[in-house]
Amino acid sequence: MTATLTPTPTPTGTVVYAKARRKVPQLGWMFGAAWLTVLGICAFAANYLPFIRSYDAKIQVNGRAKKYGLGPGWTAWFGTDNSSHDVFARCIYGARQTLIIGIGATIIGLTVGGLLGVLAGYYRGWADRVVSIVVDCLLALPPLLLALLLIQRSDQIKESITAIAWLTRSEEIMITLGILSIAPFARIVRAQTLALRERDFVLAARSVGAKPRRVIWREIMPNLVPAMVTVAVTGLGILIAAEGTLAFLGLGVERPQTWGKMIDASRDDLGKAWWAAIFPCLFLFLTVLSFNFIGDRLARKFDIREAAV
Amino acid sequence: MRYLLQRLLQFAIVFFLVTFGVMVFMRIGMNKPGDPALTMLGGTVRLDQAEAVNARYHLNGNVFGQYWFWLEKMFRGDFGVSVQQNTTVAKYLSGRVLVTIFLGFYAVLWALIIAIPTAVYQAYKRDSRFDRGGNFLSFLFVSLPALVLAPFIIFLFVVKLGWFPRTGEKVMPWDDLGAHFRNFFLPVVVLTLPLAAIFARLLRGDMIQTLQSDFITLASAKGVPPGRVLWTHALRNSLFSLLTSVGVQLGGIVGGALVVEQYFNMKGMGSLLLTSILSKDLFVVQSVTAIVVAVVCVANLVIDLLYAVIDPRIRHARALT
């Protein structure tokens, strides 16, 4: 019997490799970053920029202020609205308000939701169960319904709990949207924590006797940051859309009014003056789109599966 | 079976907690007994009238007592009264609920009809021109909430082209089918497009993953025609995220319907909810939230059961526990 030693066969035949994707510059997120930068600068420096009119400036046509007096043109870039204010200036001031509310709400949601999610995911057991029930309850009500309830009742709540009576309208909306975003944030953070706590480095930290608090802060939290940032950016887009919807339904900030309010004010006059409603729509759309682009880019970079917020 | 019971229990806990929470919430700042009645009646009422309402709906007792009586009445079909609208809540709701049901049903249906074939073909021809175009479009529409999409659509189809009426009248399909579709078309489009985009993105991602698994290779290797591989083997295994998302989006549709009903001046649940919340119509708000929560929970339960229908592995795993 001769044992022949056959070499391991080298792969022959055609090995089909996936066609390497052409290297195209990712235009989407670059556009998003550019748009947000320009919008941010305009919004927060609006008082000092010469080409942005003041919030209350009325544009007069032939000596008098006319309803929808001007279409888009050189004098007023986006035309004038039904009280003859400059639509462009109002869009910019609306952007400031919307961005402040969106960012504030995200911070609230991220802090509370993240904390709940980490606790539920790390300790499991009854903590997990309690958080799950809270999250389920928050998710069972349609988000918009919950927001309407919260904002509408906020005046009454302020009356009975005087400790929070100093809240302004925009802060109320901020807190409301923050509460709305607790549930999705908590859910995602919990899932991530569940995966992380089984990893070896967490086991190592625990086996050298690290206290849970230290494990959470030093081992788990830093690893949650990419996911949290990604979800926060995508969530910002959604929160800004939600803020617009609330303002559209008449529960927004009175002054400076935001995009949703502007859309609502002139939506019935689309035939007469399309610019007054379409331009705020465009601003809202481009802003949400930018956040989505950047969120998508981050999700790809950190390899996070699209989280349904 | 045990699994089902567990889910039902969870559903019950959520339902009671949420309805109770809404009830308590609506009563914040109404500490004095009799206040709910005064709020409900609004304006100037004589005290004995308020007393009568309080007695009838047990609004004098503490919150738990109130909750119990409200719940008991509701299960017997008495949703209470809406003094502001001068009818019973049941009558008020039944006039409105169909519009929203039609909107939601058409929106989900069309979103699925658009999303499934697109996503399947996108995944099949991955990175082709069709795939990239579809990706781009779906990305655009994901970022277009109803609030923004509606003015564009109205501007194009109503103002410029004049193909559809500005307001969606409530025409039932059994009255006049053509008018029904003409009135519902634009609102449904506004709701459908973002929804379809979300569904298509989810399904495409899952399909691409499924198509790379071994059993797909096996199926094509043993000579199953590609269409069959795609539509039965692959699709069936990729439906999970999509189904979950349908459940999650149901709540969102209620919100979307609210906006759309405002735009098209339709008298549906959304506008009813808005007016009742703004005017503190206690019983209406409570009943509507209860119904909505119940619908969302039941839909999620059904979807959960559908998982088992699609995937025998889940069915057997559940049968064992």
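Residues numbered from 1 in each chain as written. Chains lettered and ligands numbered in written order. Predicted model: local features only at pLDDT ≥ 70, side-chain atom pairs only at ≥ 80, totals over all residues.

### Let's talk about the overall build of chain A
Item 1. Per the secondary structure count, chain A includes nine helices and two strands.
Item 2. Counted from the first residue to the last, chain A has its helices and strands arranged as α-β-β-α-α-α-α-α-α-α-α.
Item 3. Classification of the 309 residues of chain A by burial places 46% in the buried group.
Item 4. When contacts within chain A are restricted to residue pairs at least 6 apart in sequence, long-range pairs at least 24 apart make up 72% of them. (Helix = DSSP H or I, 4+ residues; strand = E, 2+ residues; numbered from the N terminus. Buried ≥ 20, exposed ≤ 12 C-beta atoms within 10 Å, placed from the backbone. Contact = placed C-beta atoms within 7 Å.)

### Quick word on the overall build of chain B
Item 1. Looking only at helices and strands, chain B features 14 helices and two strands.
Item 2. Taken across its 321 residues, chain B has 38% of its residues classed as buried.
Item 3. Intrachain contacts of chain B at a sequence separation of at least 6 include 69% that bridge at least 24 residues.

### Digging into the interface of chain B and chain A
Item 1. Counting residues at the interface gives 41 residues for chain B, matched by 40 residues for chain A.
Item 2. Of all the elements in the fold, those that place two or more residues in the side of chain B that touches chain A are helix H1 (2–26), helix H6 (129–142), helix H7 (146–160), helix H11 (239–263), helix H12 (269–278) and helix H13 (282–310) of chain B.
Item 3. It is H11 of chain B that provides the largest number of residues to the side of chain B that touches chain A, a total of ten residues.
Item 4. Grouping the constituent residues of the side of chain B that touches chain A by class yields 31 nonpolar, nine polar and one charged. (Nonpolar A, V, L, I, M, F, W, Y, C, P; charged D, E, K, R; others polar.)

### Notes on the packing of helix H3 (residues 125–140) of chain A against helix H5 (residues 169–196) of chain A
Any two packed helices are characterised by the angle at which their axes cross and by the distance between the axes.
All names here are of chain A.
Item 1. Close contact between H3 and H5 brings their axes to 9 Å; oriented N to C, the two are set at 135°. The angle between H3 and H5 places the two elements in the oblique class. In the crossing of H3 with H5, the sense of the turn from one axis to the other is left-handed. Contact with H3, carried on its side by Val-131, Val-135, Leu-138 and Leu-139, involves Ile-182, Ala-183, Ala-186 and Arg-187 of H5 and no other residues of that element. (Axes fitted to C-alpha atoms, helices over the stretch in contact; angles between N-to-C directions. Parallel < 35°, antiparallel > 145°, perpendicular 65-115°, else oblique. Left-handed = near helix turned anticlockwise from the far one by under 90°.)

### Thoughts on the nonpolar core
When a protein is soluble and globular, its nonpolar side chains tend to lie buried together.
Item 1. Counting residues in hydrophobic clusters, the biggest one holds 165 residues, and the most contacted among them are Leu-191, Phe-199 and Val-260 of chain B.
Item 2. Not counting the four nearest positions on each side in its chain, Val-260 of chain B is found in contact with Leu-103, Ala-146, Ala-150, Pro-187, Val-190 and Leu-191 of chain B. (Core = buried A, V, L, I, M, F, W, Y, C linked by C-beta atoms within 7 Å.)

### A word on unusual backbone geometry
Item 1. For Arg-124 of chain A, which is not glycine, the phi torsion reads 50° and is therefore positive.
Item 2. Within the secondary structure, Arg-124 of chain A sits in the loop between helix H2 (87–123) and H3.

### Some details on helix H6 (residues 200–207) of chain A
Item 1. For H6 of chain A, the tally of buried residues reaches only zero of eight residues, placing the bulk of the element at the surface.
Item 2. After H6 of chain A finishes, the residue Gly-209 of chain A shows a positive phi value of roughly 95°.

### Regarding the environment of His-180 of chain B
Item 1. Its place among the elements puts His-180 of chain B in helix H8 (residues 177–211).
Item 2. The spacing of His-180 of chain B and Lys-170 of chain B is ten residues in sequence and 7.5 Å in space, taken between C-alpha atoms.

### Examining the environment of Arg-90 of chain A
All names here are of chain A.
Item 1. Considering the arrangement of structural elements, one finds Arg-90 in helix H2.
Item 2. Take Arg-90: there are 27 C-beta atoms within 10 Å of it, and that puts it in the buried class.
Item 3. A C-alpha to C-alpha distance of 8.3 Å links Arg-90 and Trp-259, two positions 169 residues apart in sequence.

### Points about the packing of H7 of chain B against H8 of chain B
All names here are of chain B.
Item 1. One can describe the packing of H7 onto H8 by two numbers: an axis separation of 10 Å at closest approach and a directional angle of 135°. As judged from the angle between their axes, H7 and H8 are oblique. Both H7 and H8 take part in a crossing whose hand is right-handed. Counting all contacts with H7, which are made through Ala-146, Leu-149, Ala-150, Ile-153 and Phe-157, the residues of H8 involved are Leu-186, Val-189, Val-190, Leu-191, Leu-193 and Pro-194.
Item 2. Broken down by class, the residue content of the contact of H7 with H8 amounts to eleven nonpolar, no polar and no charged.

### As for the environment of Gln-249 of chain B
Residue and element names in this part refer to chain B.
Item 1. As for its placement among the helices and strands, Gln-249 is situated in helix H11.
Item 2. When the 20 C-beta atoms within 10 Å are taken as the criterion, Gln-249 is described as buried.
Item 3. Sequence-wise, Gln-249 and Ser-128 are 121 residues apart; in three dimensions their C-alpha atoms are separated by 29 Å.
Item 4. What Gln-249 contacts, discounting residues up to four positions off in sequence, is Leu-195 and Ile-198.

### Description of H7 of chain B
Item 1. Helix length check: H7 of chain B (15 residues) gives 20 Å between terminal C-alpha atoms against 21 Å at 1.5 Å per residue, within 8%.
Item 2. The largest bend in H7 of chain B amounts to roughly 30° and is located at Ile-154 of chain B.
Item 3. Three or more residues of H7 of chain B are buried, namely Ala-146, Leu-147, Val-148, Leu-149, Ala-150, Pro-151 and Ile-154 of chain B.
Item 4. Each element contacted by the buried residues of H7 of chain B is listed here: helix H7 (212–248), helix H8 (259–266) and helix H9 (274–302) of chain A together with H8 and H11 of chain B. (Expected span 1.5 Å × (residues − 1). Bend = angle between axes of the 7 residues up to and from the residue.)

### Section: the confidence of the model for chain A
Item 1. Averaged over every residue, the pLDDT of chain A is 82; the share at 70 or more is 89%.
Item 2. Segment residues 1–20 of chain A: pLDDT under 50, and zero contacts once partners within four positions in sequence are set aside and those in other chains are kept. (pLDDT = per-residue confidence, 0-100.)

### Some thoughts on the confidence of the model for chain B
Predicted coordinates in regions of low pLDDT should not be interpreted in detail.
Residues and elements named next belong to chain B.
Item 1. On average, residues of chain B score 82 in pLDDT, and 87% of them are at 70 or above.
Item 2. Put simply, helix H2 (residues 35–41) is where chain B has its lowest mean pLDDT, 64, and H6 is where it has its highest, 89.
Item 3. For this predicted complex, the interface score ipTM comes out at 0.82, alongside a pTM of 0.84.

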